[in-house]
Amino acid sequence: MTYLVIIVLVFLLLFIFIYNNLVSKKNKTEEAYSSIDVMLKKRTDLVPQLVTTVKGYMKHEKQILTDITKLRQQIVDQKVDDRERIQLEDQLGDKLGKLQVTVEAYPDLKASENFLVLQSSLNEVEEQLSASRRSYNAAIYAFNTALDMFPSNIVAKLMGYTPKTMFIIDPSDAEVPKISI
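Quick look at the structure, then. Just so it is clear, the model here is predicted, and its values are computed rather than measured. (Residues numbered from 1 in each chain as written. Predicted model: local features only at pLDDT ≥ 70, side-chain atom pairs only at ≥ 80, totals over all residues. Heavy atoms only, no water.)

In the structure shown here, the tally under the stated rule is three aromatic pairs. Measuring from centroid to centroid gives 6.4 Å for phenylalanine 15 and tyrosine 19, while their planes differ by 20 degrees, and the two rings are stacked. Of this pair, phenylalanine 15 and tyrosine 19 both sit in helix H1 (residues 2–55), four residues apart, which is roughly one turn of that helix. We classify phenylalanine 15 as partly exposed; its relative accessible area is 35%. (Phe/Tyr/Trp six-rings, centres within 6.5 Å; stacked < 30°, edge-to-face > 60°. Helix = DSSP H or I, 4+ residues; strand = E, 2+ residues; numbered from the N terminus. Buried < 20%, exposed > 50% of the residue type's maximum accessible area, 1.4 Å probe, protein only.)

For helix H6 (residues 152–159), the full list of buried residues reads Ser152, Asn153, Val155 and Ala156. For H6, the arc enclosing every buried residue in end-on projection is 160 degrees, short of the 170-degree limit, so these residues lie on one face. Of the exposed residues in H6, the ones pointing more than 90 degrees away from its buried face are Lys157 and Leu158. Glycine 160 lies just past H6 and shows a positive phi near 80 degrees. (Arc of directions from axis to C-beta.)

Here it is in structure tokens:
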């Protein structure tokens, strides 16, 4: 009888340990996503200022500016799930990269103090965003690995946990944009 109680107690303690470990990993993914969310909000807040500053210089580059404005509006206005938000943010990052390349053709714009401050702020936010994404992906990796490993996979199924999606760059977004003026 005492052996049975000891065995049950060991399994209960193991379950509690695994449960707490999974909850900790899930919370870490949420914390990492929250830091990405903060950086994305900062970037989204910078976009209108950047677009306004650039508009005066780039009369014939309206499509990039229009696309950036539309994507920002979708991100701000719509309630989208994590996957859609990741896709919209990746598209916005791609468009902002194309804008930065296009700006190289406008010496007066590059010399504008307002633009230089905004560009510096945007570069800083992009670096922080990149670091946040790496942290998020590391947390997701640890969480998803725990969901796949025995015996935590059993506890995870009982808790209803499912794998989470990482931030992955689309191969087309990694290409250097071609801009012709």
